[in-house]
Amino acid sequence: MINYDQFLSRSAEQMRGSAIRKMGTVLAQSREIISFAPGYPAPETFPWEEFTEITRELLSGADGTVLQYGPTRGYKPLLEAIAGIMESRGAQSSADQLLITTGSQQGLDLVARVLLDPGDVVLVELPTYTGAITAFRNVQAAMVGVRQEGDGIDLDALDETFTRVTSEGRRVRILYVVPNFQNPTGLVIGLEKRRRLLEWAERRNVLIVEDDPYRELYFEDAASEADVRPIRADDDRGRVVYLSSFSKTLAPGYRVAWIDAPAALTTKFELAKQAEDLCTGALDQRVVYESCRRGVLARQLPKLRRYYQEKRDVMVEALSGAFGDSVTWPSPRGGFFLWATLPDAVDSDAMIARAVENGVIYVAGDAFFVNGAGRNVIRLSFSSASHDKIREGVSRLSKTVRDEMAAIEAPAARQ
């Protein structure tokens, strides 16, 4: 047998599998398992009839470019539509600043490959999105975490961390944040704090990478459009690279997202994308564009907010009833996730096997930390399970935690 390790690049040696994808594999092994792991939109929210009508027209053969290669930047009418979306979010943009990407994950990969050299430091929230950790790790960047407060990243800790890292002779290139309904915590960075982040980035000569896939999914009993104003909207110095997506509002299968950045950077991202896939799928882009043009997207948003708000309420009620005060979480004001802290003695990663036996899965918290923390926290997604399955899944989770606590306490009781 050939030992292929000898042929691997340094970046390949550091690659790690996604904890979220790992849980998806577990789910595929049994239909009886209730999954709170992947942050999947609910298929019943997809506008199936409108997609069918749009696709039938596009595939009539009247326009051969529908199934042809397209520009790397993206389908021009869609770029113009995205410029309109950016304007509605308070940020002026234009075609020279925009790039269509094959999902936001590709956007993160492009950002990492264009902006980071091996050993460069990325400051991230504690905890942070696992896909970003993967993208930064793959280019051999170093990630240093900064704790969060109830209204997002701790600014004092941010500057202390920057000072410490740079005093060690290391170079901080970017700060990565998910300001709206953060994956995994559901936290929202306060508006005043967003403006202070821009001031900090200017003072410290750092770029902010703003990942904003959940922005439209605010819950109308807890947040408003004003609360989710992008950092990018107040950036008049070119400090922000902004990523967003249609995956959570239309459908993730289309793999259509975008980067908005200063034109000089967008040009570099475009060159990097040419080496990856030449262009995002033309049919996908056309369906998304038509969904924007025909008002499908605009009609979807209020429905999605109500739909996921109801699911949030069901999960919170179920958790409160099952756990009382023994499990705590910040109340999600939008998005897909609830970030639950279990009793101190519980190791959530070690408990996964017991959870699977009881027919429920989640994502262990340590997958979201770059400093080894998160042992007794879990991320629960309420987006795709039905109300009944949320209730049953929480019941199974409660049994799992009780069984785990009993197993932990038994040796001590025998002493």
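Above this text sits the structure in question.
Criteria and cut-off values
- Residue numbers run consecutively from 1 along every chain, following the written order of its sequence.
- The predicted nature of this model means local features are confined to residues of pLDDT at least 70 and side-chain atom pairs, given and counted, to a pLDDT of 80 or more, with totals for whole chains, interfaces and linings taken over all residues.
- Calculated side-chain values reflect all of the structure's heavy atoms, with hydrogen atoms and water omitted.
- Two strands make a pair as long as DSSP finds a minimum of two bridges between them.
- Going along the chain from the N terminus, every DSSP run of H or I of four or more residues is numbered as a helix, and every run of E of two or more is numbered as a strand.
- Each residue after the first adds 1.5 Å to the expected span of a helix.
- Burial here depends on accessible area, computed with a 1.4 Å probe over protein chains only, as a share of the maximum for the residue type. Under 20% is buried, over 50% is exposed, and the range in between is partly exposed.
- Pairs of residues are marked as contacts when any of their non-hydrogen atoms sit within 4.5 Å.
- Here, patches come from residues exposed beyond 30% relative accessible area and free of salt bridges, joined within 9 Å for like charges and within 5 Å for nonpolar side chains (Val, Leu, Ile, Met, Phe, Trp, Tyr).
- Computed with the Shrake-Rupley method and a 1.4 Å probe, the accessible areas treat only the protein chains shown as cover for residues.
- Note on definitions: salt bridges are taken to be side-chain nitrogens of Lys or Arg within 4 Å of carboxyl oxygens of Asp or Glu.

Q: Tell me about the sheet that holds strand β3 (residues 121–126), and please be specific about residues and values.
A: Taken in spatial order, the eight strands of this open sheet run β2-β9-β8-β7-β6-β3-β4-β5, and their pairing is mixed. The open sheet has two edge strands with one neighbour each: β2 (98–101) and β5 (152–153). Pairing of strand β4 (residues 142–149) with β5, which is carried by two bridges, proceeds in the antiparallel orientation. When the sheet's bridge partners are listed, Q148 is paired in β5 with I153.

Q: I'd like a description of helix α7 (residues 155–167), backed by residues and values.
A: Every α-helix carries 3.6 residues per turn, so stepping three or four residues along brings you back to the same face. In a regular helix each residue adds 1.5 Å, so 13 residues correspond to 18 Å; α7 covers 18 Å between its end C-alpha atoms and thus fits that length. Those residues of α7 lying buried are L155, A157, L158, D159, T161, F162 and V165. Residues of α7 that are buried sit in contact with β3, β4, β5, β6 (172–177) and α8 (191–204). Backbone geometry just after α7 places G169 at a positive phi near 85 degrees.

Q: Any details on the sheet that holds strand β12 (residues 363–364)? Residues and values, ideally.
A: The strands making up a sheet are joined through hydrogen bonds of the backbone, oriented either antiparallel or parallel. Read from one edge of the open sheet, three strands run β10-β13-β12, paired in antiparallel fashion. With partners counted over all chains shown, the strands left at the sheet margins are β10 (337–341) and β12, one partner each.

Q: Give me a nonpolar patch on the surface: which residues, what numbers.
A: There is a patch of nonpolar side chains on the surface, built from I2, Y4 and F7 and spanning about 370 Å² of accessible area. With respect to the helices, strands and loops of the structure, F7 is situated in the segment before α1 (10–13). A relative accessible area of 59% means that F7 is categorised as exposed.

Remember, this is a structural readout, not a statement about activity or role.
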